[in-house]
Amino acid sequence: MRIQVNARNRGFEFDAGPGERVLYAGLRAGIDLPYECATGTCGTCKAKLVSGRVTDRWSGAPGKKYVKPQAGEFLMCQCAAEEALTLEVSKFVYAVEPGACVPQTCAGIVRGVRPLTHDVMGFALELERPRDFDAGQFVLLAADGVEGYRAYSMCNYVRGGRTLDFVVKRKPEGGFSQWLFGANREGARLQAFGPLGKATFDPALGKNLLCIAGGSGIAGMMSILARADAADYFSSHQGHVFFGVRTMKDAFFLKELSETKAKVTIALSEEDVPQKGAHASLKFENGLVHEVAKRAMAGKYQNVRAYVAGPPPAVDAAIRVLLLDAKLTTDNIRYDKFS
Ligand SMILES: Cc1cc2nc3c(=O)[nH]c(=O)nc-3n(C[C@H](O)[C@H](O)[C@H](O)COP(=O)(O)OP(=O)(O)OC[C@H]3O[C@@H](n4cnc5c(N)ncnc54)[C@H](O)[C@@H]3O)c2cc1C
Ligand code: FES
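Predicted, not measured: the structure shown is a model, and the values here were computed from it.

Definitions and cut-offs
Residues numbered from 1 in each chain as written. Chains lettered and ligands numbered in written order. Predicted model: local features only at pLDDT ≥ 70, side-chain atom pairs only at ≥ 80, totals over all residues. Heavy atoms only, no water. Near = heavy atom within 4 Å. Polar contact = N/O pair within 3.5 Å; in protein donor to acceptor, adjacent residues only side chain to side chain. Areas by Shrake-Rupley, 256 points an atom, 1.4 Å probe, with all protein chains shown as cover. Helix = DSSP H or I, 4+ residues; strand = E, 2+ residues; numbered from the N terminus. Nonpolar A, V, L, I, M, F, W, Y, C, P; charged D, E, K, R; others polar. Buried < 20%, exposed > 50% of the residue type's maximum accessible area, 1.4 Å probe, protein only. Arc of directions from axis to C-beta.

**As for the site of ligand 1**
- If you check the shell around ligand 1, you find 27 residues, and the closest are R150, A151, Y152, F176 and S177.
- A distance of 2.5 Å is found between an oxygen atom of ligand 1 and a side-chain nitrogen or oxygen belonging to R150.
- With respect to ligand 1, the side chain of Y152 contributes an N or O atom lying 2.6 Å from an oxygen atom.
- Relative to its unbound accessible surface of 940 Å², ligand 1 loses 90% to contact with the protein.
- Looking at the shell around ligand 1, the elements that each hand over two or more residues are strand 11 (150-153), strand 12 (161-169), helix 2 (175-182) and strand 19 (333-337).
- A total of four residues in the shell around ligand 1 trace back to one element, the largest contributor, which is strand 11.
- Partitioned by chemical class, the residues of the shell around ligand 1 number eleven nonpolar, ten polar and six charged.

**Some words on the environment of D144**
- In this fold, D144 is placed in the loop between strand 10 (138-143) and strand 11.
- For D144, a relative accessible area of 70% puts it in the exposed group.

**Details of helix 5 (residues 289-297)**
- All buried positions along helix 5 are accounted for by V289, H290, V292, A293 and M297. Angularly, the buried residues of helix 5 cover 160° about the axis, an arc narrow enough to put them on a single face.
- G299, located one to two residues past helix 5, shows a positive phi value of around 80°.

Take a look at the structure:
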C-alpha cells in the first residue's frame, strides 16, 4: 500500500505491508516520522488522514486521548493502511541521517531468563541475524498470544551483534510481563522491531553524562555506560549515574554498576542507607531519585547531556529539575518514559 505523508517541511512516499502499522512502515523506509513510545500511549505519532482508510489495531490505546477522530486524526503507531493513504503530519520530518540504524523486523529466541529481583527478570534475545543499534535505544517485542508490541531498552551495547539484553519489570496483570514471568520462556520465539529511540549516546558527543533512572529505567543507562566505558570516555569526561529504587531488595546490576568508571549513586526512597557492603565504589542515599540527583549535582551542570528513563512520574520529576534547576536545553535532556 502506497502512503504519502505531507509534513510541515516536505512530502515523503513509502510502502506499507498488509496490516503493518503506518509508523513502522515509514521508519523502516528510513523516514524519521514523529514518535516517542511507538506503542500507543504518548500521542506523539498523531497524523491526519486526508484520503484513504485505516484500521485501528488497538482501539483502547491510551494515546488516543490526544487525537480528534472527528478531524480525521489517528495514531500512526496503532493504525494500518487499508488502501493507499495521504496523511498530514504537523511536524517537521526528515529522512534518517546516513549511517543511522534503520529499524527492521527480526525474529529472535529468548535465552538466559533469570530473576534479578523479586519483580525484575533479565533475559537475552538471540536474533536470527546481526543488528546494529546505538547505545540507549530500545526495540519493540511481540510474543505469541500477547496482543501488540511492548518497548524494551537494550542493556548491552554491541555493533553488529546478535544478542540483545533486556530487563523487564513485572506489572500486575500486564500482558507481556506476565507472559515472561508466568512460565519458563527459555527458547520462546519473539518478533522484534527496531532499533528505535533518540536517547542515544556516542562518544563523539564530548559532554559530561548525567543518567537518572527509576527502576527498570536503568536498562538503557547500562547500554550507555557500556559504550562509554569501552571508549574510556570517563577518563576525559565526568559521568554521574543516579539509580532510584524503593529498597535494597529492588536493586539490581549493583556489581555491573560498581565496575563502571562513572560515579554511581543508588537512591533508596523507602529505606535507610545500608552499612558499607559488597559494593564499596557505589554511594547510597536516601530519597527520591530526582531529589538525590538535584542535591548531588548542584553547581555541576556545565557541558552536561542528561539521560532520564523509568516510570513517567519519575521521568517528569527529573525533567523538571533538569529544566528549572540545571537550566539544560531540551536538546540536552533525552528521556524514555516507560508508559
Ligand atoms: C521507550 C520505552 C522503553 C521501555 N523500556 C522498558 C524496559 O527496559 N524494561 C521494562 O520493564 N519496561 C520498559 N518499558 C515499559 C514496557 O514497554 C511495558 O509498558 C511494560 O513492561 C508493561 O508491559 P505489560 O505488557 O506487562 O503491561 P500491559 O499493561 O499489558 O501493556 C503495557 C503497554 O503495552 C502496550 N499494549 C498493551 N496492550 C496493547 C494492545 N492490545 N495492542 C497494542 N499495544 C498494547 C501499550 O504500550 C501499553 O501501555 C519501556 C517503555 C517505553 C515506552
Ligand atoms: S508514538 Fe504513537 S502513541 Fe506514542
